[in-house]
Amino acid sequence: MTDQKTSRSLPLSEAITISAQAIGEVMAGRSLTEVLEQLDAHERPIVQSLTFDALRKWVRSHDLIKQFIPKAPPPEVEYVLSVAIALFLQGGSEGKGYAAHTIVDQAVKACSEYEPTMYAKGLVNAVLRKVSLAIQAENEKPYPPDPIPMFFPPWWRASLKRNYSKVWQAMLIQQGQRAPLILRVNAQQHTRQEYQDLLQQAGINAEPIYELAGISLDSALLLREPVPVSELPGFYSGAVSVQDAGAQIAAALLNPKPGERVLDACAAPGGKTAHLLELASCEMIALELDGERLGKIGGNLDRLRLQSDAVQVVRGDASKATWWDGKLFDKILLDAPCSASGIVARHPDIPFLRREADIKALQLRQQAILEQAWKMLKPGGALLYVTCSIFPEEGKDQAAWFATVHADALRLSAPGQILPAELNDGFYYALFEKNGS
Ligand SMILES: C[S@@+](CC[C@H](N)C(=O)[O-])C[C@H]1O[C@@H](n2cnc3c(N)ncnc32)[C@H](O)[C@@H]1O
């Protein structure tokens with residue numbers, strides 16, 4: 001998910017109220033993507049911007065709240081304060097900034113629904129006035145206590161510290177930054193240069209991303225200034241998709257050829273399925289366990305004009321063979337369910353949702369899917385294992401385990417662990433060829 005330009009069509013007080021409620025849903029364990037999808041189109045951009053910023057500044061805003069109210073405020077008030085404080089810290093939404101008194105007034109108004117109303121309003125007013133002054137004072141004298149303003153659970157920080165002793169802090173700081181908008185040009189419709197020209201004509205600046213982790217990317221364009229997809233030329237007729245550069249490596253590595261039989265074993269919402277089909281008209285099975293997410297694959301393929309008789313979108317469990325007709329595949333993409341710890345810059349709710357025990361459970365699911373997928377691969381065929389994780393348990397440990405238990409698995413060159421950086425999310429890639437022909 002990419003930060004979108006905010007719109008001021010929604011009054012700020014309403015946007016703060018809805019954002020505070022969205023944060024409440026995340027704290028109750030719901031994915032922010034799902035919560036945002038249920039909003040009206042005119043609400044979504046500003047609510048997304050406010051909630052993302054609030055989650056990215058969580059540690060920082062809570063340090064400030066604690067300074068001025070020793071006893072934790074009621075959750076509704078806490079979430080309103082988090083949104084408003086993130087606005088102060090950002091210099092305002094849209095980077096242009098709301099005046100401090102506007103943020104205070106609108107946050108107070110946002111408390112109109114909370115009981116007892118006068119108490120909530122009084123508390124928000126008093127705390128925000130003090131926080132605003134404290135932030136101004138800190139701007140003169142930078143605030144150092146925790147260089148990572150975003151919340152990451154202690155087990156998460158400890159794991160990264162253990163595994164990436166030199167860069168773990170820089171990584172977590174990076175993941176708290178706004179992610180750029182990256183596009184994938186549909187090679188069936190335009191070359192990258194053609195589409196860059198179309199953007200230019202529409203007044204949108206874009207730069208090619210030529211390679212990542214040693215893999216050349218032919219379709220990636222970076223927009224440093226994000227725009228809503230509705231402003232991208234030809235978006236609705238499939239000229240282009242939004243996809244991180246790290247994710248665009250998958251299709252390039254699997255290198256599909258026309259007519260090959262390909263399985264995308266964990267396909268929804270279909271970003272990588274579509275990329276594979278943009279590169280070659282292969283015989284594709286896009287498999288997905290989750291019925292709701294399955295619908296998104298068809299929607300994406302329709303928009304990109306990639307549907308054909310050779311493409312089947314199938315609901316099924318990749319760790320079982322119940323859906324399979326027994327015909328082996330030339331190539332398999334296994335973009336496994338994982339912690340999503342590599343894509344926090346685009347999904348800042350993830351550190352709030354994951355539990356330590358999830359990692360072991362995910363590892364077992366990944367292994368079950370790997371085992372089944374390998375049985376469906378032709379001798380001489382290739383399997384690409386991908387996760388958007390930075391935990392070795394879901395990346396290099398899995399690849400090492402797999403190579404140990406499968407004597408017929410030959411490891412081919414692949415980037416391995418890609419760490420989150422300014423232009424890409426974090427991913428793990430391992431490529432295996434099945435011995436024999
Ligand atoms: C990382 S996402 C895939 C993203 C997708 N490849 C893309 O690029 O748009 C993993 C997907 O695997 C699905 N999934 C989880 N367990 C599965 C299973 N046993 N069989 C098939 N799909 C599964 C999840 O519902 C989720 O949609």
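As the structure is a prediction and not an experimental result, all values here were calculated from the model.

Would you mind going over the site of the ligand in detail, with residue names and values included?
Around the ligand, a shell composed of 20 residues is seen, among which Glu288, Arg293, Asp317, Ala318 and Asp335 lie nearest. In this structure, glycine 271 approaches the ligand through a main-chain N or O atom, which is 2.9 Å from an oxygen atom. Leucine 289 is positioned with one of its backbone polar atoms (N or O) 3.3 Å from a nitrogen atom of the ligand. For the ligand, whose unbound accessible area comes to 600 Å², protein coverage reaches 88%. Taken together, the elements giving at least two residues each to the shell around the ligand come down to helix H12 (271-279) and helix H15 (356-375).

Let's hear about the domain arrangement of the protein chain: which residues, and what values?
By convention, interface size is frequently given as the accessible area that disappears when the constituent parts associate. Domains assigned within the protein chain are domain 1 (12-142) and domain 2 (244-434). The partner domain 2 presents eight residues to the 12 residues of domain 1 that form the contact. Summed over both sides, the interface between domain 1 and domain 2 buries roughly 770 Å², with carbon and sulfur atoms accounting for 66% of that surface. For the pair domain 1 and domain 2, the interface holds one salt bridge. For the pair domain 1 and domain 2, the interface holds four residue pairs in polar contact (both at pLDDT 80 or more).

If you had to explain the confidence of the model for the protein chain to someone new, which residues and values would you point to?
On average, residues of the protein chain score 93 in pLDDT, and 95% of them reach the 70 mark or higher. Here residues 2-7 is modelled with pLDDT under 50, and outside its nearest four sequence neighbours on either side it reaches 24 contacts, counting other chains as well.

Would you mind going over unusual backbone geometry in detail, with residue names and values included?
Across the junction of glutamate 115 and proline 116, the peptide omega takes the value -15°, indicating a cis bond. Assignment of secondary structure puts proline 116 in the loop between helix H6 (100-109) and helix H7 (117-140). Cis geometry is adopted by the peptide bond preceding proline 269, which originates at alanine 268 and carries an omega value of 5°. The phi angle at alanine 213 is positive, at roughly 50°, despite the residue not being glycine. As for its position among the elements, alanine 213 is in the loop between strand S3 (211-212) and strand S4 (215-216). One non-glycine residue, asparagine 255, lies in the positive phi region at around 50°. Structurally, asparagine 255 is set in the loop between helix H11 (245-254) and strand S7 (261-264).

How would you explain the pairing of strand S13 (residues 427-434) if you had to name every residue and give the values?
Counting buried positions along S13 yields seven of eight residues, so the element is predominantly enclosed. Relative to S13, strand S11 (residues 377-387) runs antiparallel, the two being bridged by six bridges. Note that in S13 the partner of leucine 383 across the bridge is phenylalanine 432. Judged from the seven bridges that link them, strand S12 (residues 409-418) and S13 form a sheet pairing that is antiparallel. Along S13, the bridge assignment pairs leucine 412 with leucine 431.

Explain helix H13 (residues 291-303) residue by residue, including any values.
In an α-helix, one turn spans 3.6 residues, which is why side chains three or four residues apart end up on the same side. The complete set of buried residues in H13 reads Leu294, Ile297, Gly298, Leu301 and Arg303. On its buried face, H13 is in contact with strand S6 (240-242), H12, strand S8 (283-288) and strand S9 (311-315). Between a side-chain oxygen at the N-terminus of H13 and the backbone nitrogen of glutamate 292 the separation is 2.9 Å; the capping residue is aspartate 290. Where H13 terminates, the next one or two residues include arginine 305, which has phi positive at roughly 60°.

Describe the packing of aromatic side chains, and please don't skip the residues or the numbers.
According to the stated counting rule, one finds 14 aromatic pairs in the structure shown. Look at tryptophan 155 and tryptophan 156: their rings are 5.7 Å apart centre to centre, the planes differ by 50°, and that puts the pair in the tilted class. For tryptophan 156, a relative accessible area of 0% corresponds to the buried category. Where tryptophan 401 meets phenylalanine 402, the ring centres are 6.1 Å apart and the plane angle is 55°; that geometry is what we call tilted. By relative accessible area, tryptophan 401 is classed as partly exposed at 22%. Ring pairing ties together the aromatic residues Trp58, Tyr79, Phe151 and Phe352, which thus form one cluster.

The rules behind the values
- Residues numbered from 1 in each chain as written.
- Predicted model: local features only at pLDDT ≥ 70, side-chain atom pairs only at ≥ 80, totals over all residues.
- Heavy atoms only, no water.
- Near = heavy atom within 4 Å.
- Polar contact = N/O pair within 3.5 Å; in protein donor to acceptor, adjacent residues only side chain to side chain.
- Areas by Shrake-Rupley, 256 points an atom, 1.4 Å probe, with all protein chains shown as cover.
- Helix = DSSP H or I, 4+ residues; strand = E, 2+ residues; numbered from the N terminus.
- Domains from an automatic or database assignment.
- Contact = heavy atoms within 4.5 Å.
- Buried area = accessible area lost by both parts, 1.4 Å probe.
- Salt bridge = Lys/Arg side-chain N within 4 Å of Asp/Glu carboxyl O.
- pLDDT = per-residue confidence, 0-100.
- Buried < 20%, exposed > 50% of the residue type's maximum accessible area, 1.4 Å probe, protein only.
- Pairing = 2+ DSSP bridges.
- Phe/Tyr/Trp six-rings, centres within 6.5 Å; stacked < 30°, edge-to-face > 60°.

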